[in-house]
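# Structure assessment
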Amino acid sequence: MPYNTAPDGAQTFYKDWGSGRPVVFSHGWPLTSDAWDVELKLVADHGFRGIAHDRRGHGRSTQTWDGNDMDTYVADLASLIEYLDLRDVVLVGHSTGGGEVVRYAAQRANGRVTKIFTAGAIPPVMIKSDKNPDGLPKEAFDDIRAGVLKDRSQFYKDLSAAFYGTNREGSQISQGARDDFWRQGMTVGLKAAYDCVAAFSESDFTEDLRKIDVPMLIAHGDDDQIVPIHDAAYKSAELVENAELKVYAGAPHGIAGPYQEALDRDLLTFIS
């Protein structure tokens, strides 16, 4: 299996499918690059090169004790892109991965990135504070950490309902999709899963968003129960000069079912 060595020696697993202009995907928490398999095949089938990695501590990458923070995640992504010498890159990020690609584009890209596509992304910042009164209270993230520590297997099974919106009437998401969320989550090291909660909830991407100078499509479901749209996509779109906001009515946080079909059509249109 292909790996890249990060600056601190951690091994980052990645998938590299197809050929052509590179489309680099970053996954959400607590998932892996497997979450992007449909999209990787989709872009490869349409003449692009799809690349996705397992974030450190997740999936097949090294379960490091240290470095489970946003800046290190971005350094790992930069290392992978430089190792593969990718140019004219389209970045795609979901949830935590949305923050990762935004910070990479703002601080580390050095002209390599030409477009950005995010879905259900965490920027500008999730946690409530005096500067962000609309955010979620710290207690909500403390509950996630407690669930991960107490019984993460059951916690992931329960969380998958809100993640995919199966707790809403009329949901078309299968039990199989929920089971796969659990499967991927259980490959994440406990320390990484715990530490990443602070990374996705407390990282502030406000200034990163202001630095984005390439076309960006910000996609978000208006029934996202994990990253509420009003404190995420709507605010991000106001901070990025070249941003297009795409709202999916009734769509959840997790990319599956009818939401995935619509999102993938828009992704292909955007990158083509």
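Refer to the preceding data block for the structure.
For the structure given in this document, a descriptive report is provided here. This is a predicted model, so every value here is computed, not measured. (Residues numbered from 1 in each chain as written. Predicted model: local features only at pLDDT ≥ 70, side-chain atom pairs only at ≥ 80, totals over all residues. Heavy atoms only, no water.)

Our focus in this paragraph is the pattern of salt bridges. According to the stated counting rule, one finds 25 salt bridges in the structure shown. The partner of Asp54 in a salt bridge is Arg60, and the shortest N-O contact between them spans 2.9 Å. Put simply, Asp204 and Lys131 hold a salt bridge, and the shortest N to O gap is 4.0 Å. Residue Asp204 is located in the loop between helix H6 (190–202) and helix H7 (206–211), and its partner Lys131 is located in the loop between strand S6 (113–119) and helix H4 (138–164); the two are separated by 73 residues in the primary sequence. Among the residues examined, Asp204 registers a relative accessible area of 31% and is labelled partly exposed. Within this structure, Lys15, Asp34, Asp37, Asp54, Arg60, Asp180 and Arg183 form a network of salt bridges that share partners. (Salt bridge = Lys/Arg side-chain N within 4 Å of Asp/Glu carboxyl O. Helix = DSSP H or I, 4+ residues; strand = E, 2+ residues; numbered from the N terminus. Buried < 20%, exposed > 50% of the residue type's maximum accessible area, 1.4 Å probe, protein only.)

Quick look at the packing of aromatic side chains now. Per the counting criterion, the structure on display carries 12 aromatic pairs. Each ring, one from Tyr3 and one from Phe13, has its centre 5.7 Å from the other, and the planes form 65°; the classification is edge-to-face. Taken together, the residues span a long stretch of sequence, with Tyr3 in strand S1 (residues 3–5) and Phe13 in strand S2 (residues 11–18) at a distance of 10 residues. Under the relative-accessibility criterion, Tyr3 is labelled partly exposed at 28%. Between Tyr156 and Phe181 the ring centres are 6.4 Å apart and the planes differ by 85°, which places this aromatic pair in the edge-to-face class. One end of the pair, Tyr156, is in helix H4; the other, Phe181, is in helix H5 (residues 175–185), with 25 residues separating them in the sequence. Note on accessibility: Tyr156 and Phe181 belong to one class, buried. Three or more aromatic residues link up through ring pairs in this structure, and these residues are Trp29, Phe141, Phe155, Tyr156, Phe163, Tyr164, Phe181 and Phe200. Positioned above the aromatic ring of Phe270, the side-chain terminus of Lys115 is 5.1 Å from the ring centre. In this structure, Lys246 is placed above the aromatic ring of Tyr248, and the distance from its NZ or CZ to the ring centre is 5.8 Å. (Phe/Tyr/Trp six-rings, centres within 6.5 Å; stacked < 30°, edge-to-face > 60°. Lys NZ or Arg CZ within 6 Å of the ring centre and 35° of its normal.)

Scope: geometric values only; no functional claims are made or implied.
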